[in-house]
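# Coordinates in review
Here is what each chain is made of, one letter per residue.
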Amino acid sequence: ALWGAPDASGGDDKDDKDEKKVSTAELFAPANRRAVTIGTGLFFLQQMSGVNAIVYFSSAMFVAAGVESAVAASVAVCATNVVATILSGQALDRLGRKPLLTGSFIGMGISCLVMSYAMANQATWALAGPVAVIAVMSYIASFGMGCGA
């Protein structure tokens, strides 16, 4: 059983029939080292991607960028994330996880560079506000398409 104690009736679950007991030491065996390293690395990169900061500060960024309704823009950020995540499920079947992750991290990096450039040059560049908003949406879409899926 996934949650709680196994069924007391002694009934056998079809899902658990082919599973064997393994020790924690087997997780770190040389045969499993590559898979564990890749999985841990992907988890680390996902957590360090900064998406929580983008989502948390998106309202403040939108106000600084001159957007009138920061709340509506934040809702748009969440909607963009949902749509990108749904689309990634379809793309995953066709393309595979590796191209989605690669494109996701590249898109997030480019979006961060564009966003920071636009916000830094806000006083001298008339299009800085709209470009920053588009960069935020692009970052969220890139995250949802690969890293966050």
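Okay, so let's go over this structure. (Residues numbered from 1 in each chain as written. Predicted model: local features only at pLDDT ≥ 70, side-chain atom pairs only at ≥ 80, totals over all residues. Heavy atoms only, no water.)

### Some details on the overall build of the protein
Heads up, the condition is: What counts as a helix is a DSSP run of H or I of at least four residues, what counts as a strand is a run of E of at least two, and both are numbered from the N terminus. Note on contacts: a residue pair is in contact if any heavy atoms of the two residues lie within 4.5 Å. Accessible surface is estimated by sampling points in the Shrake-Rupley manner with a 1.4 Å probe; for residues, cover comes only from the protein chains shown.
The secondary structure content of the protein amounts to six helices and zero strands. What you see in the protein, going N to C, is helices and strands ordered as α-α-α-α-α-α. Taking contacts inside the protein between residues at least 6 apart in sequence as the whole, the part at least 24 apart equals 68%. With the model as given, the accessible surface of the protein reaches about 10300 Å², and the carbon-plus-sulfur share is 66%.

### Observations regarding the environment of Ala-91
When you line up the elements, Ala-91 lands in helix α4 (residues 70-95). On a C-alpha basis, the gap between Ala-91 and Met-145 in space is 8.4 Å, while along the polypeptide they are 54 residues apart.

### What about the packing of α4 against helix α5 (residues 97-120)?
How we decide: Note on geometry: axes are C-alpha line fits, over the in-contact stretch for helices, and angles between N-to-C directions span 0 to 180 degrees. In what follows, roughly perpendicular refers to angles from 65 to 115 degrees, roughly parallel to angles under 35, roughly antiparallel to angles over 145, and oblique to any angle outside these ranges. Ten residue types, Ala, Val, Leu, Ile, Met, Phe, Trp, Tyr, Cys and Pro, are classed as nonpolar, four, Asp, Glu, Lys and Arg, as charged, and the remainder, Gly among them, as polar.
Relative orientation of the contacting elements α4 and α5 amounts to 125 degrees, with a least axis distance of 7 Å. One way to sum up the angle between α4 and α5 is to call them oblique. Contact residues: α4 offers Ser-88, Ala-91, Leu-92 and Leu-95, while α5 offers Arg-97, Pro-99 and Leu-100. Considering only residue class, the contact of α4 with α5 consists of five nonpolar, one polar and one charged.

### Considering a nonpolar patch on the surface
Selection criterion: The patches described consist of residues with a relative accessible area above 30% and no salt bridge, like charges being joined within 9 Å and nonpolar side chains (Val, Leu, Ile, Met, Phe, Trp, Tyr) within 5 Å. When a carboxyl oxygen of Asp or Glu lies within 4 Å of a side-chain nitrogen of Lys or Arg, that pair is called a salt bridge.
Among the surface-exposed residues, Ile-38, Leu-42, Phe-44, Leu-45 and Met-48 lie close enough to one another that they form a single nonpolar patch of about 480 Å² accessible area. Tracing the backbone shows Ile-38 in helix α2 (residues 33-47).

### Here we look at the packing of helix α3 (residues 51-64) against helix α6 (residues 128-147)
To keep things clear, this is the line we draw: The sense of a crossing depends on the near helix, which, turned anticlockwise from the far helix by less than a right angle, makes the crossing left-handed and, turned clockwise, makes it right-handed.
Across the interface, α3 lies against α6 with an axial gap of 11 Å and an inter-helix angle of 160 degrees. On the basis of their axis angle, the class for α3 and α6 is roughly antiparallel. Both α3 and α6 take part in a crossing whose hand is left-handed. Here Val-51, Ile-54, Val-55, Met-61 and Phe-62 of α3 come into contact with α6, specifically with Val-133, Val-136, Met-137, Tyr-139, Ile-140 and Phe-143.

### Description of the side chain of Ser-104
Under the convention used in this document: Buried, partly exposed and exposed residues are distinguished by accessible area as a fraction of the type maximum, computed with a 1.4 Å probe on protein chains only: under 20%, between the cut-offs, and over 50%, respectively.
Here Ser-104 is to be found in helix α5. With relative accessibility at 2%, the residue Ser-104 sits in the buried group. Not counting chain neighbours up to four residues away, the residues in contact with Ser-104 comprise Ser-142, Phe-143, Gly-146 and Cys-147.

### Section: the nonpolar core
Here is the rule: Residues belong to a common nonpolar core when they are buried Ala, Val, Leu, Ile, Met, Phe, Trp, Tyr or Cys residues joined through side-chain atoms within 4.5 Å.
Ranked by size, the top nonpolar core spans 17 residues in total, and within it Ile-54, Phe-62, Met-115, Val-136, Tyr-139 and Ile-140 carry the most contacts. Elements with a minimum of two residues in this core: α3, α4, α5 and α6. Among the elements that take part in this core, α6 stands out by supplying seven residues, more than any other. Each residue touching Tyr-139, except ones within four places of it in the same chain, is listed here: Ser-49, Gly-50, Val-51, Ile-54, Met-108, Ser-111, Cys-112 and Met-115.

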